[in-house]
Amino acid sequence: MEASTGWFVGEFGSRETLAVALRLYEDSHSDIADPDVAATWGELSIWIGGRNVCEHRSASGEHDAILWHFLEMLEWLATNWDPVLHEERLPDRNEGIDAAQGMRLIARRLRFDDDLDGFARWQRWWERHCLCAARGGGLFPSLYLRRRRGEIELSWDSRRLDYAPAGFGFLAEAGHEYIAPADAETALWGLLDGATSVLQRRWS
């Protein structure tokens, strides 16, 4: 991510634990009618344990950031701040070694036609904890954030992507890390506070 371009550039946290880098610049997509959405066009990279989980390949080559409108992601983080940092228990009995694996195993077990309550619990937990819930049509890594005892668990399983074009894939397909809550708060609050502050000034 080039620090010299974009009207907002920020990187928050440490790449060795959790770092989030966001660059916003002028939207070249004239078909976006909502000016608030258009104002959050840019690039996002997320490093977890030294790995960039947003790095991906596409038909045009390899890229270190995802490109999209990020207003919905910022709103998602603000709305789900407490669940992301404080909620641990999965919507069904704990399975797997992390949330990404556990949620996949729970979904595989559900019979959607016969267990609507179970599916609804799964869906609500997914909406609170998975970054993909904020994608709004973009291609985001399937990254889960939750409390795990005294730590924050970050887990991802991006091997199966809905609506991805041919040739698209995240390079860090699956994995997990545990970090201190303070490290998670530094990165996530830095992103939320930094981006919303400049957007508020831009919109005023």
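In what follows, the structure referred to is the one given above.
Residues numbered from 1 in each chain as written. Predicted model: local features only at pLDDT ≥ 70, side-chain atom pairs only at ≥ 80, totals over all residues. Heavy atoms only, no water.

### Comments concerning the environment of Ser142
Locating Ser142 in the fold gives a position in the loop between helix H5 (116-129) and strand S8 (143-148). On the basis of relative accessible area, Ser142 is assigned to the buried category, the value being 13%. Between the alpha carbons of Ser142 and Ala100 there is a distance of 7.8 Å; along the sequence they are 42 residues apart. Apart from the residues lying within four places of it in its own chain, the contact partners of Ser142 are Cys130, Cys132, Ser155, Trp156, Asp157 and Ser158. (Helix = DSSP H or I, 4+ residues; strand = E, 2+ residues; numbered from the N terminus. Buried < 20%, exposed > 50% of the residue type's maximum accessible area, 1.4 Å probe, protein only. Contact = heavy atoms within 4.5 Å.)

### Things to note about the pattern of salt bridges
By the definition in use, this model includes ten salt bridges. Measuring nitrogen to oxygen at the nearest pair gives 2.7 Å for the salt bridge that ties Arg51 to Glu177. Placement of Arg51 in strand S4 (residues 51-52) and of Glu177 in strand S11 (residues 174-179) is noted, with a sequence separation of 126 residues between them. Of the residues examined, Glu177 reaches a relative accessible area of 25% and is grouped as partly exposed. In this structure, Glu153 engages Arg146 in a salt bridge whose closest nitrogen and oxygen atoms are separated by 2.9 Å. Each member of the pair, Glu153 as well as Arg146, carries the same accessibility label: buried. (Salt bridge = Lys/Arg side-chain N within 4 Å of Asp/Glu carboxyl O.)

### Examining the nonpolar core
Membership of the largest hydrophobic core comes to 53 residues, with the highest contact counts inside it found for Leu18, Ile46, Met73, Tyr144 and Leu188. For this core, the leading source of residues is helix H6 (residues 181-203), giving eight residues. Every residue in contact with Tyr144, bar those within four places of it in the chain, is listed here: Ala99, Ala100, Met103, Trp122, Trp125, Trp126, His129, Cys130, Glu153, Leu154 and Ser155. (Core = buried A, V, L, I, M, F, W, Y, C linked by side-chain atoms within 4.5 Å.)

### Observations regarding unusual backbone geometry
Keep in mind that most residues, glycine aside, have a negative phi and that most peptide bonds are trans. Despite not being glycine, Arg149 has its phi angle at roughly 55°, a positive value. When its relative accessible area of 62% is taken as the criterion, Arg149 is described as exposed.

### Details of the sheet that holds strand S10 (residues 169-170)
Spatially, S6-S5-S10 is the arrangement adopted by the three strands of the open sheet, whose pairing is antiparallel. Edge positions in the open sheet fall to strand S6 (61-63) and S10, since each of these has one partner strand only. Bridge count between strand S5 (residues 56-58) and S6: three bridges; the pairing is antiparallel. Looking at the pairing, Arg57 lines up with Glu62 of S6. (Pairing = 2+ DSSP bridges.)

That's the geometry; what it means functionally is another story.
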